[in-house]
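Examining the three-dimensional arrangement
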2 protein chains.
Amino acid sequence: MTQVPLTQEALADEGLTVRDRHALMHHEIRQRICLLDYLPGMRLSEAALAEEFGTSRTPIRRVLARLEDEGLVQSFHGVGTLVTDADFDALEQVYRLRVELTAMTGRLDPVPPDFGYIARFDQLVLRGAAIVQSGTARAFTQFDIDVFLTLQELTANQPLRQTLERLYFQTKRLWLRAAEEAQLDLEEEFKIFQHQLEAIQCALKSGDVEAVAHIQRAHISMSFNRLQQKAR
Amino acid sequence: MTQVPLTQEALADEGLTVRDRHALMHHEIRQRICLLDYLPGMRLSEAALAEEFGTSRTPIRRVLARLEDEGLVQSFHGVGTLVTDADFDALEQVYRLRVELTAMTGRLDPVPPDFGYIARFDQLVLRGAAIVQSGTARAFTQFDIDVFLTLQELTANQPLRQTLERLYFQTKRLWLRAAEEAQLDLEEEFKIFQHQLEAIQCALKSGDVEAVAHIQRAHISMSFNRLQQKAR
DNA sequence: GAATTTCATGATGTGTACAACACCAATGGT
DNA sequence: ACCATTGGTGTTGTACACATCATGAAATTC
């Protein structure tokens, strides 16, 4: 798989509204931060990003301002826009809130999965099996993001989804960072995640959205515990 | 109490960093929306706001973009920036999430109140008593905002506070709107709120932050129920 | 030689002109 | 009389020049 400049192509596409272009750039930069392409502390140049995305600084600044509100970057006048440090203690609060909110997805406006959804999830399980056998930490994270976004569809509560998305991307960096520092047993992590996927798959087929939420909650909580253990 | 142009004075103050100016304008415009100075559907002119705050459109646009992320306004190219409609059904989700999250403030990183905090809360109770006797819906809402922000200090969990603040300002308009449409018994609402304040005061003095959270939760839930009843 | 000052450099923040777009009223044709 | 077209007007979105600020290296002074 080669690194294609998909963002430039996508932005060159016509028929995109202003909102879409903004969302695309936001999504792309956020993903780069969470995949550690942009490491914590790294300086993001507005001018460089503007050139890359084929626009001026103004739209880029709007995206960066949003990312700043979301806690992923921080701008300093005269210095630059820096990727925030994924501090463990500070993110513990985010993790704990995520755990509670995830459990809530089963109670607040759950969406019963239809056949198409279950089919898509089956595809994800297959893709996960491939990663267990031969996958990098980065590919796994990318996969984890896709799974998360798919599971988000099971809640119709928009503010809950929006909040969970913010929290997810704030914490996700922590895992990948620990993995790259070899603090985590990658193979074990893959297997655990795959087991979780299969459990969710089972719950989905019985239409039990609340069970899906509980499985997720347990997984997030345990994942954080493993992280906490290895960090000390 | 006269309408003083406090924002212009505050913005004219030196020694304010860029962040502070941004926060001031954000706070001011958000408050105007929630106090229904800017009614749902009303068009906010960037140029007019820029002139009022003594700046150019650029910083105003940043504030409006943030308000758009928070769901209070929505911008349309070539049309304008409109205050979002406080739709009841859509905000029901927000209300329900608020109820759950408020209960969580007692469990996630509660902050035991010190003597100074209790003293400040006593002041609030006194101020509330004055509103019960002779207060407008607007003054009450302003008071409610201050109480909310004070109670927020009882949680050290930053993301939880940030989330609750978003949700609070999204729903607060609904109450004031119903009150102004005379759907609510104002005097009754005042008394109920004052009773809640005194209950919280009692809980604070025994240092039971979790009880404070539960009282809040119950109040928010009941307040929404009264709103729901009167709306039909 | 070390401390201090100065200044060059590059970053974000701001102001402003212009482009893109939506709305509406006036106008012309049918 | 009605409809389509067209242009005027006001809005948000974008590009760019400039202001403001922080940083570090170089020059200067003691």
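Residues numbered from 1 in each chain as written. Chains lettered and ligands numbered in written order. Predicted model: local features only at pLDDT ≥ 70, side-chain atom pairs only at ≥ 80, totals over all residues. Heavy atoms only, no water.

Further remarks concern the interface of chain A and chain B. Between chain A and chain B, the contact holds 29 residues from the first and 29 residues from the second. Summing both sides of the interface, chain A and chain B together bury roughly 2,400 Å²; the carbon and sulfur share of this comes to 46%. The three residues of chain A that bury the most area against chain B are Arg-19, Gln-93 and Leu-97 of chain A, which together make up 21% of that side's buried surface. Our count for the chain A to chain B interface comes out at eight salt bridges. The partner of Glu-100 of chain A in a salt bridge is Arg-107 of chain B, with the nearest N and O atoms 2.9 Å apart. Linking chain A with chain B are 18 residue pairs in polar contact (both at pLDDT 80 or more), by the criterion used here. For the side of chain A that touches chain B, the secondary-structure elements that each account for two or more residues are helix H2 (18-34), helix H4 (57-69), strand S2 (73-76), helix H5 (88-104) and helix H8 (158-180) of chain A. Of the residues assigned to the side of chain A that touches chain B, the class counts are 11 nonpolar, eight polar and 10 charged. (Contact = heavy atoms within 4.5 Å. Buried area = accessible area lost by both parts, 1.4 Å probe. Salt bridge = Lys/Arg side-chain N within 4 Å of Asp/Glu carboxyl O. Polar contact = N/O pair within 3.5 Å; in protein donor to acceptor, adjacent residues only side chain to side chain. Helix = DSSP H or I, 4+ residues; strand = E, 2+ residues; numbered from the N terminus. Nonpolar A, V, L, I, M, F, W, Y, C, P; charged D, E, K, R; others polar.)

Moving on to the packing of aromatic side chains. Residue and element names in this part refer to chain A. Inspection of every chain in the model, using the stated rule, returns 16 aromatic pairs over all chains. Residues Phe-140 and Phe-193 carry aromatic rings whose centres are separated by 5.1 Å and whose planes lie at 80° to one another, so their mutual orientation is edge-to-face. Here the residue Phe-140 occupies a position in helix H7 (residues 137-152), and Phe-193 occupies one in helix H9 (residues 186-205), the gap between them amounting to 53 residues. What makes Phe-140 buried here is its relative accessible area of 4%. Using a relative accessible area of 4% as the deciding quantity, one classes Phe-193 as buried. Aromatic pair Phe-143 and Phe-193: ring centres 5.9 Å apart, planes at 80°, arrangement edge-to-face. With a gap of 50 residues between them, Phe-143 in helix H7 and Phe-193 in helix H9 connect regions that are remote in the sequence. (Phe/Tyr/Trp six-rings, centres within 6.5 Å; stacked < 30°, edge-to-face > 60°. Buried < 20%, exposed > 50% of the residue type's maximum accessible area, 1.4 Å probe, protein only.)

The environment of DNA strand C is made up of 20 residues, and the closest members are Arg-61 and His-77 of chain A together with Thr-55, Ser-56 and Thr-58 of chain B. The sugar-phosphate share of atoms of DNA strand C within 4 Å of the protein amounts to 69%. Among the secondary structure elements, those contributing two or more residues to the surface near DNA strand C are strand S1 (43-44), H4, S2 and strand S3 (80-83) of chain A together with helix H4 (57-69) of chain B. Considering only residue class, the surface near DNA strand C consists of six nonpolar, 10 polar and four charged. (Near = heavy atom within 4 Å.)

Okay, the protein's contact with DNA strand D next. Taken together, 20 residues surround DNA strand D, and among them Thr-55, Ser-56 and Thr-58 of chain A together with Arg-43 and Arg-61 of chain B come closest. Sugar plus phosphate, as a fraction of atoms of DNA strand D within 4 Å of the protein: 70%. The side chain of Arg-43 of chain B places a nitrogen or oxygen atom 3.3 Å from a phosphate oxygen of DNA strand D. Between His-77 of chain B and DNA strand D, the recorded distance is 3.1 Å, taken from a side-chain N or O atom to a base oxygen. Residues belonging to the surface near DNA strand D are distributed by class as follows: six nonpolar, 10 polar and four charged.

As a further point, take empty space enclosed by the protein. For the structure on display, the rule yields six cavities of 30 Å³ or more. Each pocket or cavity is described by its volume, and for the largest cavity that value is around 360 Å³. Taken together, 27 residues form the lining of the largest cavity, with Arg-98, Gln-196, Gln-216, His-219 and Ile-220 of chain A sitting closest to its centre. Elements with a contribution of two residues or more to the lining of the largest cavity: H5, H7, H8, H9 and helix H10 (209-230) of chain A. Top element by residues in the lining of the largest cavity is H10 of chain A. It accounts for eight residues. Its residues placed into classes, the lining of the largest cavity shows 14 nonpolar, eight polar and five charged. Counted as a void, the second largest cavity has a volume near 310 Å³. Looking at the second largest cavity, it is lined by 23 residues, and the ones nearest its centre are Arg-98, Asp-144, Tyr-168, His-219 and Ile-220 of chain B. Sorting the residues of the lining of the second largest cavity by element identifies helix H5 (88-104), helix H7 (137-152), helix H8 (158-180), helix H9 (186-205) and helix H10 (209-230) of chain B as the ones contributing at least two each. (1 Å grid on protein atoms, 1.4 Å probe; cavity = no way out; pocket = protein on both sides within 12 Å on 5 of 7 lines; lining within 4 Å. Points joined across faces, edges and corners; volume = space filled by probe spheres on them.)

Geometry only, nothing functional implied.
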